[in-house]
Amino acid sequence: MIERTLSIIKPDAVARGLIGEILRRLESGGLKIVAAKLARLSREQARAFYAVHKERPFFASLTEYMSSGPILVSVLEGEGVIMKNREIMGATDPAKAAPGTIRREWGKDVEKNAVHGSDGRETAASEIAFFFKPQEIHSDRKP
Ligand code: UDP
Ligand code: MG
């Protein structure tokens, strides 16, 4: 099944100059980038994007962090890309992420874990629409 997923390189990873290395890791894993741009979330936009976590104790800190600087948002497309991206990212907590994953290599802690990736088809569709207009996605395929 050809899928799309939303990837985010989080603010501290952008600030540390890791965009190129992280995109390289995704492309090396066979993931195709069909849209990409820098963005900056306001605090309100970060709250809206992570609304599913609004009752969690980390919500205030997470939304402050995610609005603290520019992020690199991209749409990845391919067979099973949602789970493939999650595998290449590694577990949420970098300390528990498998060796060779993005989060193990570049994540600082459970919050500043370098990257975001959608966790399912429905969240992928809504997260992609949060950042991209259909005409900004450059694919041969009609999803
Ligand atoms: N997060 C955090 N503390 C936690 C769990 C999550 O700060 O105990 C942050 C972290 O940045 C994570 C994001 O909240 O990436 C979303 O959490 P989720 O459980 O959806 O993890 P993910 O899907 O990003 O692996
Ligand atoms: Mg998640």
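Definitions and cut-offs
Residues numbered from 1 in each chain as written. Chains lettered and ligands numbered in written order. Predicted model: local features only at pLDDT ≥ 70, side-chain atom pairs only at ≥ 80, totals over all residues. Heavy atoms only, no water. Near = heavy atom within 4 Å. Polar contact = N/O pair within 3.5 Å; in protein donor to acceptor, adjacent residues only side chain to side chain. Areas by Shrake-Rupley, 256 points an atom, 1.4 Å probe, with all protein chains shown as cover. 1 Å grid on protein atoms, 1.4 Å probe; cavity = no way out; pocket = protein on both sides within 12 Å on 5 of 7 lines; lining within 4 Å. Sits in = over half its atoms within 2 Å of the grid points. Nonpolar A, V, L, I, M, F, W, Y, C, P; charged D, E, K, R; others polar. Pairing = 2+ DSSP bridges. Helix = DSSP H or I, 4+ residues; strand = E, 2+ residues; numbered from the N terminus. Axes fitted to C-alpha atoms, helices over the stretch in contact; angles between N-to-C directions. Contact = heavy atoms within 4.5 Å. Buried < 20%, exposed > 50% of the residue type's maximum accessible area, 1.4 Å probe, protein only. Arc of directions from axis to C-beta.

What follows deals with the site of ligand 1. Around ligand 1, the structure places Lys 10, His 53, Phe 58, Leu 62, Arg 86, Thr 92, Arg 103, Val 110, Glu 111 and Asn 113. Within the contact set of ligand 1, an oxygen atom lies 2.5 Å away from a side-chain nitrogen or oxygen of Thr 92. Protein contacts shield 81% of the accessible area of ligand 1, which totals 500 Å² for the unbound molecule. Comparing atom positions with the cavity grids shows ligand 1 to sit within the largest pocket. Residue composition of the shell around ligand 1, by class: 3 nonpolar, 3 polar and 4 charged.

Attention now moves to the sheet that holds strand S3 (residues 71-79). The 4 strands lie next to each other as S2-S3-S1-S4, forming an open sheet whose pairing is antiparallel. Edge positions in the open sheet fall to strand S2 (32-39) and strand S4 (115-117), since each of these has one partner strand only. Within the sheet, the average angular offset between the axes of one strand and its neighbour, ignoring direction, is 20°. In terms of strand pairing, strand S1 (residues 2-9) meets S4 through 3 bridges, oriented antiparallel. Considered in S4, the bridge of Ser 7 is made with Gly 117. Across the sheet, helix H5 (residues 81-89) is in contact with S1, S3 and S4; its angle to S1 comes to roughly 35°. Set on the sheet, helix H7 (residues 121-131) makes contact with S1, S2, S3 and S4; between it and S1 the angle comes to about 55°.

On to H7. Within H7 the residues assigned to the buried category are Ala 124, Glu 127, Ile 128 and Phe 131. The arc that holds every buried residue of H7, seen down its axis, measures 100°, which confines them to one face. Facing away from the buried surface of H7 by more than 90 degrees, the exposed residues are Glu 122 and Ala 129. In this structure, the buried side of H7 is in contact with S1, S2, helix H3 (43-49), S3, H5 and S4.

Extensive coverage of S3 is indicated by the burial of 8 of its 9 residues. Here S1 runs beside S3; their pairing, made up of 8 bridges, is antiparallel. Across the sheet, residue Ile 2 finds its bridge partner in S3, namely Glu 79. For S2 and S3, the ladder comprises 7 bridges, and the chain directions are antiparallel. Looking at the pairing, Ala 35 lines up with Val 75 of S3.

Among the residues of helix H4 (residues 59-66), Phe 59, Leu 62, Thr 63, Tyr 65 and Met 66 are the ones counted as buried. Across the axial projection of H4, the buried residues extend over an arc of 160°, all falling on one side. Buried residues in H4 make contact with S1, helix H1 (11-15), H3 and S3.

Attention now moves to unusual backbone geometry. The backbone of Ala 114 sits at a positive phi, close to 75°, despite the residue not being glycine. Of note, Ala 114 is situated in the loop between helix H6 (102-106) and S4. Assessed through its relative accessible area of 0%, Ala 114 is described here as buried.

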